[in-house]
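Working through the structure, step by step
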Amino acid sequence: MTDDGKKIIPPMKPMSCAKSWLQERSRKTFKKKILHKRLPILRWLPKYNGADAVGDLVAGITVGLTVIPQALAYSGIAGLPAAYGLYGSFLGCFVYIFLGSCKDVPVGPSAIVALLTFQVAQGSWQKSVLLCLLCGMVEMLMGLFGLGFLIDFVSGPVSSGFTSAVSLIILTSQVKNILGISAKGTTFVEIWTQIIHNIKDIRAPDTILGITCIVVLLIMRLLPSCKVGPKEPNLRTKTQNIINKLIWIIGTSRNAILVIVCCVMGVLLHSYNDGTPFKVIGYIPQGLPSFALPPIHLNVNQTITGKEESFLDMVRGMGSGLIVIPLISLMENIAICKAFANGKPVDASQELIAIGAANIANSFVQGFPGTGALSRGAVNNASGVRTPLSNIYSGALVILSLIFFTPYFYYIPNATLAAIIIAAVVFMVEVKVVKPMWRAKKSDLVPGLVTFVACLVLPLEMGILIGVGLNVIFILYSAARPKLSVDVLTSPGGTEYLMITPDRCIIFPSVDYVRNLVNKQSLRNNIPVVIDASHIYGADFTAATVIESLLRDFASRHQLIFFYNLKPSICNLFESLSPTEFVVYYQEQQLDELLKERDYRQSKTDGTAAATAIALTV
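Structure report, in brief. Everything numeric in this text was worked out from a predicted model, so none of it was measured.

The number of helices and strands found in the protein chain is 26 helices and 9 strands. In summary, the protein chain has a C-alpha radius of gyration of 33 Å against a globular reference of 25 Å for 618 residues, an excess of more than 25%. Overall, the protein chain is about 110 × 80 × 70 Å in size when its C-alpha atoms are taken along their principal axes. Expressed as a percentage of its 618 residues, the buried residues of the protein chain come to 47%. Entry remark: accessible area of the protein chain is about 30700 Å², with carbon and sulfur atoms responsible for 64%. Across the protein chain, 52 positive and 38 negative side-chain charges occur, with their mean positions spaced 9 Å apart.

Let's shift gears to the layout of surface pockets. There is about 1100 Å³ of room inside the largest pocket. As for the largest pocket, its lining consists of 35 residues, and the residues nearest its centre are L374, S375, A424, F427 and M428. Contributing elements (two or more residues each) for the lining of the largest pocket: helix 4 (50–77), helix 7 (111–121), helix 9 (156–179), helix 12 (238–252), helix 13 (254–269), helix 15 (321–339), helix 17 (374–382) and helix 19 (414–425). Tallying contributions element by element places helix 17 first for the lining of the largest pocket, with 5 residues. Residues of the lining of the largest pocket, tallied by class, amount to 21 nonpolar, 9 polar and 5 charged.

What follows concerns the pattern of salt bridges. The final tally for this structure, using the stated rule, is 8 salt bridges. Across the pair D52 and R386 runs a salt bridge, and its minimum N-O distance is 2.8 Å. In this pair, D52 sits in helix 4 while R386 sits in the loop between helix 17 and helix 18 (390–409), placing the two residues 334 residues apart along the sequence. A salt bridge links D313 to R316; the shortest N-O distance between them is 2.9 Å.

The next point concerns the packing of helix 7 against helix 15. It is at 10 Å that the axes of helix 7 and helix 15 come closest, and there the two elements cross at 175°. It follows from the interaxial angle that helix 7 and helix 15 lie roughly antiparallel. Taking contact as the criterion, the partners of I112, V113, L116, T117 and V120 in helix 7 are, on helix 15, G321, V324, I325, I328, S329 and E332. Looking at the contact of helix 7 with helix 15 residue by residue, the class counts come to 7 nonpolar, 3 polar and 1 charged.

Before going further, it helps to examine the sheet that holds strand 7 (residues 584–585). Taken in spatial order, the 5 strands of this open sheet run 3-4-5-6-7, and their pairing is mixed. On the outer flanks of this sheet lie strand 3 (484–490) and strand 7, each paired with one strand and no other. Bridge analysis of strand 4 (residues 496–502) against strand 5 (residues 529–532) gives 3 bridges, and the strand direction is parallel. By the bridge assignment for strand 5, M499 is matched with V530.

The α-helix advances 3.6 residues per turn, and as a result positions three or four apart in sequence lie on the same side. Its 20 residues place the ends of helix 8 (residues 125–144) 29 Å apart at the C-alpha level, agreeing with the 28 Å of an ideal helix rising 1.5 Å per residue. Counting buried positions over the 20 residues of helix 8 gives 14, a clear majority of the element. Looking one or two residues beyond helix 8, the residue adopting positive phi is G146, at roughly 65°.

A two-sided burial pattern is seen for strand 6 (residues 561–564), the buried positions comprising I561 and F563 on one face and F562 and Y564 on the other. As paired strands, strand 5 and strand 6 are joined by 4 bridges and run parallel to one another. Opposite I531, over in strand 6, you have F563 as the bridge partner. Crossover handedness for the path strand 5 to helix 24 (residues 541–556) to strand 6: right-handed. When strand 6 meets strand 7, the two strands line up parallel, connected through 2 bridges. By the bridge assignment for strand 7, Y564 is matched with Y585.

All right, on to empty space enclosed by the protein then. This structure, assessed with the given rule, holds 3 cavities of 30 Å³ or more. In this structure, the second largest cavity is lined by P502, I506, V514, V518, I531, I536, I547, L550 and F563. Broken down by secondary-structure element, the contributors of at least two residues to the lining of the second largest cavity are helix 23 (511–525) and helix 24. Counted by class, the lining of the second largest cavity contains 9 nonpolar, no polar and no charged residues.

The rules behind each value
Residues numbered from 1 in each chain as written. Predicted model: local features only at pLDDT ≥ 70, side-chain atom pairs only at ≥ 80, totals over all residues. Heavy atoms only, no water. Helix = DSSP H or I, 4+ residues; strand = E, 2+ residues; numbered from the N terminus. Rg over C-alpha atoms; globule rule 2.2 N^0.38 Å. Buried < 20%, exposed > 50% of the residue type's maximum accessible area, 1.4 Å probe, protein only. Areas by Shrake-Rupley, 256 points an atom, 1.4 Å probe, with all protein chains shown as cover. Lys, Arg positive; Asp, Glu negative; His and termini not counted. Charge placed at Lys NZ, Arg CZ, Asp CG, Glu CD. 1 Å grid on protein atoms, 1.4 Å probe; cavity = no way out; pocket = protein on both sides within 12 Å on 5 of 7 lines; lining within 4 Å. Points joined across faces, edges and corners; volume = space filled by probe spheres on them. Nonpolar A, V, L, I, M, F, W, Y, C, P; charged D, E, K, R; others polar. Salt bridge = Lys/Arg side-chain N within 4 Å of Asp/Glu carboxyl O. Axes fitted to C-alpha atoms, helices over the stretch in contact; angles between N-to-C directions. Parallel < 35°, antiparallel > 145°, perpendicular 65-115°, else oblique. Contact = heavy atoms within 4.5 Å. Pairing = 2+ DSSP bridges. Expected span 1.5 Å × (residues − 1). Right-handed = clockwise from strand over helix to strand, strands pointing away.

Below you can see the structure in the form of structure tokens.
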């Protein structure tokens, strides 16, 4: 401080400023509350006990038996060799243990994200791995900047339309493996066109095996709900409980059981001269993938067009997929969190950070983009999972399968993997939401139906963007056309007046509409008008200018207008631009006082109210 009391800021060197800033950021970042939020493992690990360990072990092994056949199957949806599904199913699990906020989320390949990966990367493993890295970085940045709220722009109808369309496309993409034919294409129409064109090449062994596997899976799906003994668990004997547990394990592990049985059948029927009677997935490299940076350059032999592609060319070709895949991944992940949260809040931004870090890690072991899968999440929850540490056991099972069992995966039939996918996604078609949506609000069917059709005809990222865009247009239209209730009421002093009540805030898209309606109703009734502003919680400069014009309209025809219960902040905004008298009152009895001050008289002729205002202040 100087002698006269002025504050002096001492000169600081740039390095000192940087050091001071880093110290301040470190102090704020490493607070206990922030650390527990960004590293959820710090919340539950100190309380970890033996019961938690047993629950996580059982759940992890059960999910591991589910994720291995699914990973092999979902690789086919992504247009990649089966090994890449396993590569993306272990390292991300370990990362999620530290950053994940939901105990029920098992990170790995999912059917929807696999299909999006195929449409973006076109079956190139190099592009798929790079896409995994870039999507992980986008998810990480979105989480760090708190952009998890973006998922709120994907409404229920749009989500249902998208999920149903994806389910049909995935189902369609696996029909060719059931029939044993080839059918290329990325959209629903393209794939079915190819299937019809090549239907003459159908293979009977594949078809019989595929249909049989679908029937077996659908029957085994019912097993977990079958119980032996009384309905109340406490009334069952120990033997009945053991039998029920075995039935549940068999039903839950149906995919793994079916793969093992069909793999053994493939080994037994294999002939060195003729091979197997049905198509098999073929050779899978044994051992763990090498830890390496994702490919950032493609030579002429690695591209579909035969032209060399640089890193920028590869990124440019991915287009909107770099935004759509992270959003859909978050949508799937949050669906699991909300389904098993028991009313607890879900931190969407933290989940973005977790799956983003998992995808970044997976990209260094040649994995393609993944997220939490709802089917595996349900298995995880039903198995009694306690913490995210269950991921370590499912990831370890994947590692063991890569090291020891990949030679035997050679004999797994393609039709079996296709049956696993079909039996899973057929229940994702959300037909059941149409009836309640029709009863509740028919207009909500429009964005859902448009999204459904667009996703079937166009690439998926375009379909979801069209659905979201249409939904935003509906929201903007609703904001631009507020509902106004109009009532002719009588004041405590016996004077009739017109009460007009907007049901929402007045902002620039809706102000002209509101002004026209108010003028129309006031001319029709020709009595004092009161605008009930109880629901007006916000306004802008454009609204203030239109209110000023509305006041001029009323002043020009000597008709009274008042505002009732207007919030002070909005009142100040309107007054700043209104040269005419702007009157606001907050109690009903004040209306008669305002009318008396303006020497208002009301007379009735032939049953019609005719009113005049004397000495209206302008």
